Amino acid sequence: MRTVRTVAELREPLAPDRRAGRRIGLVPTMGFFHEGHLSLMRRARAENDLLVVSLFVNPAQFAPGEDFSAYPRDEQRDAELAEAEGVDVLFSPPAEEIYPDGFDTTVTVGRLTETLEGDEAQRGAEHFQGVTTVVTKLFNMVGPDVAYFGQKDAQQALVIRKLVRDLDIPVRIEVCPTIRDEDGLALSSRNAYLTPDERQRALALSRALRTAESAVESGTREAAAVVAAARKELERAGIEPDYLQLRSATDLSPVERVNGSTLLAVAARVGRARLIDNAILGGEE
Ligand code: AMP
């Protein structure tokens, strides 16, 4: 595995591979790898000739006062884990390589970025603007055939799909299932912020999603009733969610009833950590 830090170093060696028709896979990350990241790399490794993983804690997607400086980082450990997964190139640029002096362009996806995480009371649409700008740059730098994202960040995955469709970016987007610890907690680099007690409390998020799933399986369809069942689980753990919402899993529009593919999305603060999780509820009628 080679670790590269500049766009030039990244692009040059990929050109012959691309010309030779080798398939290039990209896994964009902010590092501090866990099994969620590794699952994306494994899938990408199996489906591509060349595997590029980017590691960049993107300042543009953090609001002022968010955890940009505190965000956990351990490049050496990440490099070892990536190498063990058969990653060919680890692209770990300094911020000035991505945002050189005078950088002044942003890529914005519309409505999908203005709700849930993009609501001004949450992270705000600027968060997604930071994501879509850096992901567009990564697509242009790497020129991947396929890029892999996690369902853990369900809204982000929808936003990236929309970005690629609207701007005709020639990359296929694959969304991989959320990886959880045995007790149900969705893996996240931010779980590192949790004390053992907080981690215990954080389990209420996945429990709430499972409770909603059971409600739907046993025939509840009304959105308010499904959400109420989930909310009760959070309340029992003393968690007041930032949001807990049922939305269309394709365009995030609000739904009155669970029918077909519906997304139950939750965000909550537990201690210092702001956690998000989600489930797709079936409920075919
Ligand atoms: P991050 O480093 O948190 O920006 O995540 C990099 C990629 O890994 C994103 O596409 C995430 O959606 C994905 N990811 C993060 N956590 C998980 C998880 N628990 N299961 C599956 N994918 C994940």
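Residues numbered from 1 in each chain as written. Predicted model: local features only at pLDDT ≥ 70, side-chain atom pairs only at ≥ 80, totals over all residues. Heavy atoms only, no water.

A. Representation of the overall build of the protein chain. A tally of helices and strands in the protein chain yields eight helices and nine strands. Relative to a compact globule of 285 residues, whose C-alpha radius of gyration would be 19 Å, the protein chain shows 19 Å and is just as compact. Across its three principal directions, the C-alpha atoms of the protein chain cover 55 × 40 × 40 Å. Across the 285 residues that make up the protein chain, the buried fraction comes to 54%. A separation of at least 24 residues holds for 72% of the contacts in the protein chain among residues at least 6 apart in sequence. (Helix = DSSP H or I, 4+ residues; strand = E, 2+ residues; numbered from the N terminus. Rg over C-alpha atoms; globule rule 2.2 N^0.38 Å. Buried < 20%, exposed > 50% of the residue type's maximum accessible area, 1.4 Å probe, protein only. Contact = heavy atoms within 4.5 Å.)

B. Spotlight on the packing of helix α1 (residues 7-19) against helix α5 (residues 125-142). Remark: α1 packs on α5, axes separated minimally by 8 Å, with the N-to-C direction vectors making an angle of 50°. By the angle between their axes, α1 is oblique relative to α5. Along its contact with α1, which presents Val7, Leu10, Arg11, Leu14 and Arg18, the element α5 presents Asn140, Met141 and Val142. Split by residue class, the contact of α1 with α5 holds five nonpolar, one polar and two charged. (Axes fitted to C-alpha atoms, helices over the stretch in contact; angles between N-to-C directions. Parallel < 35°, antiparallel > 145°, perpendicular 65-115°, else oblique. Nonpolar A, V, L, I, M, F, W, Y, C, P; charged D, E, K, R; others polar.)

C. Here's a closer look at the side chain of Gln155. One can find Gln155 in helix α6 (residues 154-166). The exposure class assigned to Gln155 is buried, which follows from its relative accessible area of 5%. A distance of 2.9 Å separates the side chain of Gln155 from the backbone oxygen of Thr115, its partner in a polar contact. At a separation of 3.0 Å, a polar atom in the side chain of Gln155 contacts the main-chain amide nitrogen of Glu117. What Gln155 contacts, discounting residues up to four positions off in sequence, is Leu112, Thr113, Thr115, Leu116, Glu117, Gly118, Phe128 and Leu252. (Polar contact = N/O pair within 3.5 Å; in protein donor to acceptor, adjacent residues only side chain to side chain.)

D. View of empty space enclosed by the protein. Taken as a whole and judged by the stated rule, the model has one cavity of 30 Å³ or more. As for the largest cavity, its lining consists of Lys152, Leu185, Ala186, Ser188, Asn191, Ala202, Leu205, Ser206, Leu275, Ile276 and Asp277. Elements with a minimum of two residues in the lining of the largest cavity: α7 (196-217) and β9 (273-281). (1 Å grid on protein atoms, 1.4 Å probe; cavity = no way out; pocket = protein on both sides within 12 Å on 5 of 7 lines; lining within 4 Å. Points joined across faces, edges and corners; volume = space filled by probe spheres on them.)

E. Looking closely at the sheet that holds strand β7 (residues 243-248). Strand order across the open sheet formed by three strands is β7-β8-β9, with antiparallel pairing between neighbours. Each edge of the open sheet is held by one strand with a lone partner, namely β7 and β9. Taken over all neighbouring pairs, the strand axes of this sheet differ in orientation by 15° on average, direction set aside. Across nine bridges, strand β8 (residues 262-270) lies against β9 in antiparallel orientation. Within β9, the position partnered with Ala265 by the bridge is Asn278. (Pairing = 2+ DSSP bridges.)

F. View of the pattern of salt bridges. Taken as a whole and judged by the stated rule, the model has 20 salt bridges. The salt bridge involving Glu75 is made with Arg5; its shortest N-O contact spans 2.7 Å. Placement of the pair is Glu75 in helix α3 (residues 75-84) and Arg5 in the loop between β1 (2-4) and α1, with a sequence separation of 70 residues. Note that Arg22 and Asp17 form a salt bridge whose closest N and O atoms lie 2.6 Å from each other. Linked by salt bridges that have partners in common, Arg43, Glu47, Arg172 and Glu174 make up one network. (Salt bridge = Lys/Arg side-chain N within 4 Å of Asp/Glu carboxyl O.)

G. Main features of the nonpolar core. Counting 43 residues, the largest nonpolar core has Leu10 and Phe139 as the members making the most contacts within it. When contributions to this core are tallied by element, the ones reaching two or more residues are α1, β2 (24-29), β3 (50-55), β4 (89-91), α5, β5 (146-150), α6 and β8. When near neighbours in sequence (up to four residues on either side) are disregarded, Phe139 contacts Leu26, Pro144, Ala147, Phe149, Ile160, Val164, Ile169, Val171 and Ile173. Residues Ala208, Val270, Leu275 and Leu281 belong to the second largest nonpolar core, which totals 33 residues. (Core = buried A, V, L, I, M, F, W, Y, C linked by side-chain atoms within 4.5 Å.)

H. Just unusual backbone geometry, in detail. Backbone geometry at Phe32 places phi at a positive 55°, although glycine is not the residue there. Of note, Phe32 is situated in the loop between β2 and α2 (35-47). Of the residues examined, Phe32 reaches a relative accessible area of 24% and is grouped as partly exposed. One non-glycine residue with positive phi stands out, namely Leu252, at about 65°.

I. Region of interest: the site of the ligand. Close to the ligand lie 18 residues, the nearest being Met30, His37, Asp153, Ile179 and Leu187. A distance of 2.9 Å separates an oxygen atom of the ligand from a polar backbone atom of Gly150. One of the backbone nitrogen or oxygen atoms of Ile179 is found 2.8 Å away from a nitrogen atom of the ligand. Out of a free accessible area of 480 Å², the ligand has 92% covered by protein chains. The set of elements that each furnish at least two residues to the shell around the ligand consists of β2, α2 and β5. Counting residues per element, the shell around the ligand draws most heavily on α2, which supplies three residues. In terms of residue class, the shell around the ligand is built from eight nonpolar, eight polar and two charged. (Near = heavy atom within 4 Å. Areas by Shrake-Rupley, 256 points an atom, 1.4 Å probe, with all protein chains shown as cover.)

In short, shape yes, function no, at least from these values alone.
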